[in-house]
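Structural overview for review
As a plain string of letters, each chain reads:
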Amino acid sequence: MFARRNEPDLRGNPGIQDSLREALRERGGQVLMYGDTGVGKSSLLKYAAEDEDLSFVSVECFSDRSFEALMEEALRKLIDVREIKRTSSRGASGEVEASGGITHFLSLKGRFKGDVSKAKEFEVIQKSPLEALLDAMDAAGHRLLVLDNFQNVTADRDRLLVAQSCELLADRANETGDKKLVMIGIADDARSLLGASASVARRVAEVGVPRMPDDEIREILERGFALLNLTADEESLEKLVFYADGFPYFTHLLGLHVARRLSRLATSHVSVEEVEASLDRVAQQVEESFGERVRLAAEKGGEVQPRSRIISLMAASSGREWRGADVQAEYTATYGSARDFAFLHAALGALATESHGAILKRTGSRGAYVYKFRDPHMRPFLRVTHFTPANEDTKGDRLEPRAARPPPRDS
Ligand SMILES: Nc1ncnc2c1ncn2[C@@H]1O[C@H](COP(=O)(O)OP(=O)(O)OP(=O)(O)O)[C@@H](O)[C@H]1O
Ligand SMILES: [Mg+2]
C-alpha cells in the first residue's frame, strides 16, 4: 500500500523520497529525519532504504535508555548474546565529562541470528558498544543504524554521544564501510533534535517530512480498497482525503474502520454514508484529552462564539499557520465584516491558553503572532467530529463535537 513520496521536503527541496535516497548514498553522510507524528517518517526511511538496497537495524529510543543501552539493544537484534561482561570507565579522552563514563564490553560472545552472515559466531573483546555494533553490522551486512523516535533521547550526555558518533562515522566512512546513523524524530525542526553544533550539522543531512499531499493520500486509499476488493465512489474518496488531513496514519485508520464496517454489513461499496458512520471509531483513536480540550475551547452559549468559529474555520481551511490578519480575512469571508475585530484577536489569543484547552500554539511577537494547532492531530480530530459552533446548524450536522458524546454501541 506504500505510496511513493514525490513532494518537496519541509524546506522545499523537491522529491523527498529521492532526496532521502541521495542522502543515504552520500559517502560519510549521516541522516536526520524530522516531522510531525504520523506523517510517515519511519515508513519513508524503510522504503528509501529498500530502494537503495540498504539493510538496516532499527532501535526505539526511550527516555530511560542510555546511548550504550541503545547500541546494546541494536546488537542484540543481530546477535544471540551468550556471554557479556561490561566495564564502565571514565571517558578515555575526556569526551564525556562528568556524567557516568562510558561502558565498554570486556567481552561479548554470541551467535548471529538468522542466516545473514557467513560467520556464525560473534565475539568482541574490549570494545565500546558502538564499535561492537559496527563489527556485528559489518558481518551481518547492515549499513544503517536507525535510532527511531529520537526525540526521546533527552539526556545531554546521550545526545552528545550520538553527535560524536555521527562525527566518527562521517570521518571514518572508509574504515566502517560507510555505515550510517539515521536518526528519526518528532520535531518541528532538526536543531531541536540534534542541537546546533556546526561540526555535526556539516555531516548530517536533514530531511523534514511534511504532510502527504492529497493525491498520495488518495493513492493509499485506492490501493487499500482495491486490495480488499472494495469499490469507492468519488465523493467518499474526497471526504476521506479531507478527513485524513495529510496524515497517512489517519488514512489507514479511516480505511480500516470503513472496511470493518462494510465487512460487518457484508457489502463491498464505500459510500459517503458508510464513511460517516465509521468516523466515531476514528475519533476515539486520537489522544484522549482532545475532546475535553475542545470543550474547554468552545463557548457554551452566546450569539457570536468567536472561539468556536475560529476553530471551525481552521478545521476546514487548507492552511497550516495563520497570522491574525489571515484569521480575520477567513472570518470575514464566512461571517461578514465587523466594525471592530478586537474580539476576534482576543479569542485567538485565548485559544492558545491552558484554560481554553491550549488548542493553538502562538509564536512570533506582538503584532506579528503566528498561530497553528498545538497538536497536529487536532485538525483531523476536528474534521472527523464535524466540529461546528453550537449555534450553527449547518446542513443538519451535529451541534457538538462528536467525541464529546458517549461512544456509540457497535452497529
Ligand atoms: N507513503 C505511505 N504510503 C502508505 N502508507 C504509509 C505511508 N507512509 C506511512 N504510511 C502508514 O501511515 C502510518 C504512519 O506511518 P509511520 O509510522 O511511518 O509514521 P511516523 O511519522 O513514523 O509516525 P511516528 O512519529 O508516530 O513514529 C503507518 O501505518 C504507515 O504504514
Ligand atoms: Mg515512526
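A few words now on the packing of helix α9 (residues 214-227) against helix α10 (residues 234-244). Contact geometry for α9 and α10: axes closest at 10 Å, N-to-C directions at 125°. Taken together, α9 and α10 sit at an angle that is classed as oblique. As α9 packs across α10, the resulting crossing turns out to be right-handed. Along the contact surface, α9 presents Asp214, Ile217, Arg218, Leu221, Glu222 and Phe225, while α10 presents Glu234, Leu237, Glu238, Leu240, Val241 and Ala244.

Okay, empty space enclosed by the protein next. Left-over empty space is what a probe sized like a water molecule reveals as it rolls over the atoms. Counted by the stated rule, this structure contains one cavity of 30 Å³ or more. Roughly 30 Å³ of volume is contained in the largest cavity. Considering the residues around the largest cavity, the lining is formed by Ile310, Leu313, Met314, Trp322, Val327 and Glu330. Taken together, the elements giving at least two residues each to the lining of the largest cavity come down to α14 (306-316) and α15 (324-335). If you tally residues by element for the lining of the largest cavity, the top one is α14, at three residues. Its residues placed into classes, the lining of the largest cavity shows five nonpolar, no polar and one charged.

What follows concerns unusual backbone geometry. Its identity is not glycine, yet Gln126 carries a phi of approximately 50°, on the positive side. One can find Gln126 in strand β5 (residues 121-127). The residue Ala358 is not glycine, and still its phi comes out positive at about 45°. Within the secondary structure, Ala358 is located in the loop between α16 (342-350) and β12 (360-363).

Attention shifts here to the confidence of the model for the protein. In this model, the protein carries a mean pLDDT of 90, and residues with pLDDT of at least 70 account for 92%. The least confident element of the protein, judged by mean pLDDT, is helix α8 (residues 198-201) at 86; the most confident is strand β6 (residues 144-148) at 98. Within the model, the stretch residues 395-411 combines pLDDT values under 50 with 32 contacts to residues more than four positions away or in other chains.

Grouped burial of nonpolar side chains is what soluble globular proteins tend to show. Ranked by size, the top nonpolar core spans 69 residues in total, and within it Leu24, Met33, Val182 and Met314 carry the most contacts. Looking at which element gives the most residues to this core, the answer is helix α11 (residues 248-265), with six residues. Ignoring sequence-local partners within four residues, the contact set of Met33 consists of Leu20, Lys41, Leu44, Leu45, Val182, Met183, Ile184, Gly185, Leu193, Val207 and Val209. The next biggest cluster of nonpolar side chains, apart from the first, holds 42 residues, and it includes Val59, Phe105, Phe112 and Leu147.

With that out of the way, let us pick up helix α2 (residues 41-51). Of the residues making up α2, those classed as buried are Lys41, Leu44, Leu45, Ala48 and Ala49. For α2, the angular spread of the buried residues around the axis is 125°, confining them to a single face. Here the buried face of α2 lies against α1 (16-25), β1 (30-35), β2 (56-60), β6, β7 (180-186) and β8 (204-209). Note on α2: the residue one or two positions beyond its end, Asp53, has a positive phi of about 60°.

Per the counting criterion, the structure on display carries 37 salt bridges. One salt bridge connects Glu7 with Arg5, and the closest N-O pair in it is separated by 2.7 Å. Side by side, Glu7 and Arg5 carry an identical accessibility label, which is buried. Of the charged contacts, one joins Arg211 and Asp36 as a salt bridge, the two residues approaching to 3.2 Å between their closest N and O atoms. Here the residue Arg211 occupies a position in the loop between β8 and α9, and Asp36 occupies one in the loop between β1 and α2, the gap between them amounting to 175 residues. Here Arg211 matches Asp36 in class, with each residue buried. One salt-bridge network, held together by shared partners, links Arg4, Asp18, Arg21, Arg25, Asp51 and Glu52.

Calculation notes
- Residues numbered from 1 in each chain as written.
- Chains lettered and ligands numbered in written order.
- Predicted model: local features only at pLDDT ≥ 70, side-chain atom pairs only at ≥ 80, totals over all residues.
- Heavy atoms only, no water.
- Axes fitted to C-alpha atoms, helices over the stretch in contact; angles between N-to-C directions.
- Helix = DSSP H or I, 4+ residues; strand = E, 2+ residues; numbered from the N terminus.
- Parallel < 35°, antiparallel > 145°, perpendicular 65-115°, else oblique.
- Left-handed = near helix turned anticlockwise from the far one by under 90°.
- Contact = heavy atoms within 4.5 Å.
- 1 Å grid on protein atoms, 1.4 Å probe; cavity = no way out; pocket = protein on both sides within 12 Å on 5 of 7 lines; lining within 4 Å.
- Points joined across faces, edges and corners; volume = space filled by probe spheres on them.
- Nonpolar A, V, L, I, M, F, W, Y, C, P; charged D, E, K, R; others polar.
- pLDDT = per-residue confidence, 0-100.
- Core = buried A, V, L, I, M, F, W, Y, C linked by side-chain atoms within 4.5 Å.
- Buried < 20%, exposed > 50% of the residue type's maximum accessible area, 1.4 Å probe, protein only.
- Arc of directions from axis to C-beta.
- Salt bridge = Lys/Arg side-chain N within 4 Å of Asp/Glu carboxyl O.

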